[in-house]
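Observations on chain architecture
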Amino acid sequence: MCGIISVIDRLGNSMDGEAIKKALSLMDERGSGEGAGYAVYGAYPDYADYYALHVFYDNLLEPKAAVEELLEKWGKIEHSEEIPTYSSGRMVKKHIPWRYFFKPDTSLFANRESKEEDAIISLIIKINTEINGALVYSSGKNIGVFKASGWPEEVADFYRIQDYEGYLWLAHNRYPTNTSGWWGGAHPFNLLDWSVIHNGEITSYGTNRRYLESFGYKCTMLTDTEVVAYLADLLGRRHELPPEMMVKALAPPFWDEIDEMPEKDRNLYTAMRMAYGPAMMNGPFAIVVARPDYIAGFTDRIKLRPMVAAEAGDRLYISSEEAAIRVMEPNLENIWMPDAGEPVIGRLRR
Amino acid sequence: MTTGATPPKYKIKIDDDECMLCERCIDNCSYGVFRREGQKIVADSRKCTACHRCIAMCPRDAITLIEKPNDYRSHPLWTRDAREAIYKQANSGQIILSGMGNARDYPIIFDRIVLDACQVTNPSIDPLREPMELRTYIGKKPRQITLEKTKSGDCDLKTKLSPNLKLETPVMIGHMSYGAISLNAQLSMAKAVSEMGTFMGTGEGGLHKKLYPYQDHMIVQVASGRFGVDINYLERGAAIEIKIGQGAKPGIGGHLPGEKVEEEVSKTRMVPLHSDAISPAPHHDIYSIEDLAQLVRSLKEATEWKKPVFVKIAAVHNVAAIAAGIARSSADVVVVDGFRGGTGAAPRVFRDHVGIPIEAAIAAVDDKLRQQGIRNEVSLVASGGIRDSADLTKAIALGADAVYIGTAALIAMGCRVCGSCYRGLCPWGIATQKPELVSRINPDEASKNVANLIKGWTLELAELMGAAGINSLESLRGNRDRLRGYMLDEEMLKVLDIKPIGA
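**Describing the packing of helix α11 (residues 389–398) of chain B against helix α14 (residues 443–467) of chain B**
Residues and elements named next belong to chain B. Interaxial distance between α11 and α14 falls to 9 Å at its minimum, and their mutual angle equals 55°. When the axes of α11 and α14 are compared, the pair comes out oblique. The two elements α11 and α14 meet at a crossing, and its hand is right-handed. Taken together, the residues of α14 that come into contact with α11 (itself represented by Ser389, Ala390, Leu392 and Thr393) are Trp457, Glu460, Leu461 and Leu464. Considering only residue class, the contact of α11 with α14 consists of five nonpolar, two polar and one charged.

Laid out in structure tokens, this is it:
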């Protein structure tokens, strides 16, 4: 189960959250009321140069003080505020969502890789593993993830998703089967610029997790989707694979297909599988991975979960259901069902 | 002290009504159990090793073999084995030798680990209808791939790969030397691995010319005795293995008695006829990881960096740190042999009391290599007591890339695990060099049996993976989430890094 929907406006024009809220709500029967969420790219233009850290606090005393002490020690908090929420009906504020616009002082991380992104990752891992009652669940620049336990429309109303604007949206309706529904476990999963929505179960989770751990990542979210965000960060950012090849590492061609390829491709894909075998994902899945300049949707290698793509003008949609896309855009120009493992990539052209 | 003969361990009975006096039992028993007395076959049960050759060959099922109940005074501490060992040593003053693997009743960890299967929330995969990929590459892997985009938008591969072995199934046959086992036994296994797209080890006995047609599926071994090693040998192998230790006898070397060194063995091993071939415990040019690295690189240099180099160690307490050192020595593959590994001959006290089980060793090595961020750059082969496809699957889920089997392959050729390999009288023609016994193996037939075994395990592995919703071996490797411990204590669960059942 689980319902996913995403859209990118390839010219970078903004969309508010109203349409995607309705589209996701159409897929209510793909969830269980235990988790829904939205990610929007372009959410914070006023703080575009800062990392927008969204944190769930269990209370505003010890964990908040500990997080802020840590952030102030390793960089500068430009602005912070509670994320506005509107409780109604069944939605209970289980955690207090807070956001910081933060810039790390990379000179303080001189002994490590000095990239800003690595500094942010190490701070997130520290908070998520060492500070009880605090969980960083969104950390990109000009990106916001909004999620909670509840139905799609409840979560949207809780955050007033319809009031946010961005050029790229992801949304997810969760039907948890592995772990109980909790706010941190809802999708989208985010790390830095990467956000992920996922329908399915990753049966290779144990292998993927252990592989990621050897590169310094720590999985703290108690669910399998987390590894996709980290794998995207590892392969897409740190190893600089282009999106098509990143997807081919995560859902590679079968050996039989590789054996039939011309020599150049055969060597390339053999090398990819040899190096990235532990990163390949197994089990049923349909996934959309987003970063500021593209979305990439793909399914597992034998397509055990549905995925449909469609275009209208400059917009590319990827979803579990055609009907959900049609809620957002009734007049589609092009609609297709991608082959198993084949990436659908929508790039920003601006 | 005077010690008398010990009671026979086995009792042979012949049903005279069924026996047709064909004397096949006499011909087949290399231990001399049977003789004919007039119109009767008589058995000397004291000589019996329970090899079952007579039973297998009797056309009338006239022979019965029973393990004799303990007729010593029963005692929980002074068991039959304990007492008989004392009698033996009181008589001989020697080290007690034994064959095959550890014969102690330690709990088997594999049997306390259960596998996962999918139900409803994710689908099982049917290997009969869907692709199931068991191919794996053994050798050094790059940490990352570097690509360059061409003008046409393609990606060019910039990373140069190290040589790897391509396995169509993650089951290899471990090193059993020509000398320890017969040429026909080696030939049978070599044919089988060639057919199945996998590999076997030569052991430290050199490579007989009859095995040359299968050399692309053979891993040649450099052990401390350096028997049979020259550039021709190294160049013929698909890979080279440096043997530091073996699971059945960690910390000690090997000894092929002179009587097994007949002409062909002597030529192949490059040792004088009928001389004892003694492999020392240490390699006399390796006293540190740095020395090991020199040998690894020397072997690579000698073979123009075209072959992966394996290093095999016995599973011991500090195996993880040792394996990490090996991984950094330029070796491509670390082989860890657990304390249930087989042997042609080992001091019994070593075989039964030294080392650790392979399950714990793989888990510890895999963990350490991951902590050091180098797990994916080196392959890990597990061996030592892999009995079936369940052990194979669990070993891979714990972190191995592939396994070596030894005893299982011998059993496929007829071995009955009688544990008398060191005597050179194997009635099944396996652990012997006596021509009349060796000829009992027909390599064409025996190779089918070995290939069938590997095929059967491979099919079962595919089914187990499919049940767990996994369609490629890469996704099973190190996937400890697919394992649960049953009746294992907390500390062992921690070492294995698996959850208990129900969690």
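**Quick notes on unusual backbone geometry**
Residue proline 188 of chain A is bonded to the preceding histidine 187 of chain A through a cis peptide linkage, with omega at 0°. Along the chain, the position of proline 188 of chain A falls in the loop between β10 (168–173) and β11 (189–191). A positive phi angle is found at valine 120 of chain B, which is not glycine, with a value near 65°. A relative accessible area of 83% means that valine 120 of chain B is categorised as exposed. Positive phi is not limited to glycine here, since tryptophan 305 of chain B has a value of about 55°. Topologically, tryptophan 305 of chain B is positioned in the loop between α7 (289–302) and β17 (309–314). The class of tryptophan 305 of chain B is partly exposed, set by a relative accessible area of 43%.

**Considering the environment of tyrosine 51 of chain A**
Residues and elements named next belong to chain A. Among the structural elements, tyrosine 51 can be located in strand β4 (residues 51–57). Each C-alpha atom of the pair tyrosine 51 and glutamate 78 lies 9.8 Å from the other, and the pair is 27 residues apart in sequence. Engagement of the side chain of tyrosine 51 in a polar contact is seen with the side chain of glutamate 116, the distance being 3.0 Å.

**Quick word on the state of the cysteines**
Taken as a whole and assessed by the stated rule, the structure comprises zero disulfides over all chains. Its sulfur unpaired, cysteine 19 of chain B is 6.3 Å from the next cysteine sulfur, which belongs to cysteine 25 of chain B.

**Some points on the interface of chain A and chain B**
Counting residues at the interface gives 43 residues for chain A and 42 residues for chain B. Here aspartate 497 of chain B makes a salt bridge to arginine 210 of chain A, at a shortest N to O gap of 3.1 Å. Inspection of the chain A/chain B interface yields 27 residue pairs in polar contact (both at pLDDT 80 or more). Put simply, the parts of the chain that give the side of chain A that touches chain B at least two residues each are α5 (205–213), α7 (243–250), α8 (255–259) and α9 (263–276) of chain A. Counting residues per element, the side of chain A that touches chain B draws most heavily on α9 of chain A, which supplies ten residues. The class makeup of the residues in the side of chain A that touches chain B is 20 nonpolar, twelve polar and eleven charged.

**Here's the deal with the sheet that holds strand β18 (residues 344–347) of chain A**
Residues and elements named next belong to chain A. Here five strands make up an open sheet; going across it, the order is β11-β12-β13-β14-β18 and the pairing antiparallel. Two strands close off the open sheet at either side, each with one partner strand: β11 and β18. Each neighbouring strand pair of the sheet contributes to a mean axis angle of 15°, computed without reference to strand direction. As judged from the three bridges shared by β11 and strand β12 (residues 194–200), these two strands associate in the antiparallel manner. Following the sheet pairing, leucine 191 is matched in β12 by tryptophan 194. Along the sheet, helix α6 (residues 226–238) makes contact with β11, β12 and β13 (285–291), crossing β12 at roughly 135°.

**Quick word on a nonpolar patch on the surface**
Taken together, Val114, Tyr486, Met487 and Ile501 of chain B make up a surface patch of nonpolar side chains, about 400 Å² in accessible area. Mapping isoleucine 501 of chain B onto the fold places it in the segment after β23 (499–500).

**Topic: the packing of aromatic side chains**
Applying the stated rule across the entire model yields 15 aromatic pairs over all chains. Here the aromatic rings of phenylalanine 56 of chain A and tryptophan 183 of chain A are separated by 5.4 Å at their centres, their planes lie at 70°, and the arrangement is edge-to-face. With a gap of 127 residues between them, phenylalanine 56 of chain A in strand β4 and tryptophan 183 of chain A in the loop between β10 and β11 connect regions that are remote in the sequence. Residue class for tryptophan 183 of chain A comes out buried when judged on its relative accessible area of 3%. Plain terms: the ring middles of tyrosine 106 of chain B and phenylalanine 339 of chain B are 5.0 Å apart, the flat faces sit at 50° to each other, and that makes the pair tilted. With tyrosine 106 of chain B in the loop between β5 (97–98) and β6 (113–115) and phenylalanine 339 of chain B in the loop between β18 (333–337) and β19 (346–347), this residue pair connects regions lying 233 residues apart in the sequence. The aromatic ring of tryptophan 194 of chain A is capped on one face by arginine 291 of chain A, whose charged end is 5.1 Å from the ring centroid. One residue, arginine 53 of chain B, lies across the ring of tryptophan 428 of chain B, its end atom 4.7 Å from the ring centre.

**A few points about the packing of helix α8 (residues 319–327) of chain B against helix α10 (residues 358–371) of chain B**
Residue and element names in this part refer to chain B. Running from N to C, α8 and α10 cross one another at 50°; their axes reach a closest spacing of 8 Å. As the angle between them shows, α8 and α10 are arranged oblique. Seen from above, α8 lies across α10 with right-handed handedness. On α10, the residues touching Val319, Ala320, Ala321, Ala323, Ala324 and Ala327 of α8 are Ala361, Ala364, Val365, Lys368 and Leu369. Each residue belonging to the contact of α8 with α10 can be placed in one class, and the counts come to ten nonpolar, no polar and one charged.

**Quick notes on the sheet that holds strand β8 (residues 143–148) of chain A**
Residues and elements named next belong to chain A. Here we have seven strands laid out as an open sheet, ordered β8-β3-β10-β1-β16-β15-β17, and antiparallel in their pairing. Strand pairing shows two members of the sheet lacking a second neighbour, β8 and β17 (334–336), which therefore form its edges. Across the sheet, the axes of successive neighbouring strands diverge by a mean angle of 10°, strand direction being ignored. In this structure, strand β15 (residues 308–312) lies alongside strand β16 (residues 315–319), joined through five bridges in antiparallel fashion. Opposite alanine 310, over in β16, you have tyrosine 317 as the bridge partner.

**Some thoughts on the nonpolar core**
Core analysis: the largest hydrophobic core is formed by 133 residues, its most contacted members being Ile5, Tyr159 and Tyr276 of chain A. The element that contributes the greatest number of residues to this core is α6 of chain A, accounting for eight residues. Sequence-distant contacts of tyrosine 159 of chain A, defined by excluding residues within four places in its chain, comprise Phe56, Ile83, Pro84, Thr85, Tyr86, Pro97, Tyr137, Phe146, Lys147, Ala148, Tyr164 and Trp183 of chain A. Formed by 106 residues, the second largest nonpolar core is a distinct cluster that contains Met176, Ile181, Met196 and Val309 of chain B.

**Side note on the environment of glutamate 329 of chain A**
Residue and element names in this part refer to chain A. Tracing the chain through its elements places glutamate 329 in the loop between α10 (322–328) and β17. If sequence neighbours within four positions are ignored, glutamate 329 has contacts with Ala312 and Tyr317. A polar atom in the side chain of glutamate 329 sits 3.0 Å from the backbone nitrogen of asparagine 331.

Calculation rules
Residues numbered from 1 in each chain as written. Chains lettered and ligands numbered in written order. Predicted model: local features only at pLDDT ≥ 70, side-chain atom pairs only at ≥ 80, totals over all residues. Heavy atoms only, no water. Axes fitted to C-alpha atoms, helices over the stretch in contact; angles between N-to-C directions. Helix = DSSP H or I, 4+ residues; strand = E, 2+ residues; numbered from the N terminus. Parallel < 35°, antiparallel > 145°, perpendicular 65-115°, else oblique. Left-handed = near helix turned anticlockwise from the far one by under 90°. Contact = heavy atoms within 4.5 Å. Nonpolar A, V, L, I, M, F, W, Y, C, P; charged D, E, K, R; others polar. Buried < 20%, exposed > 50% of the residue type's maximum accessible area, 1.4 Å probe, protein only. Polar contact = N/O pair within 3.5 Å; in protein donor to acceptor, adjacent residues only side chain to side chain. Disulfide = S-S within 2.5 Å. Salt bridge = Lys/Arg side-chain N within 4 Å of Asp/Glu carboxyl O. Pairing = 2+ DSSP bridges. Patch = residues over 30% accessible without salt bridge, like charges linked within 9 Å, V, L, I, M, F, W, Y side chains within 5 Å. Areas by Shrake-Rupley, 256 points an atom, 1.4 Å probe, with all protein chains shown as cover. Phe/Tyr/Trp six-rings, centres within 6.5 Å; stacked < 30°, edge-to-face > 60°. Lys NZ or Arg CZ within 6 Å of the ring centre and 35° of its normal. Core = buried A, V, L, I, M, F, W, Y, C linked by side-chain atoms within 4.5 Å.

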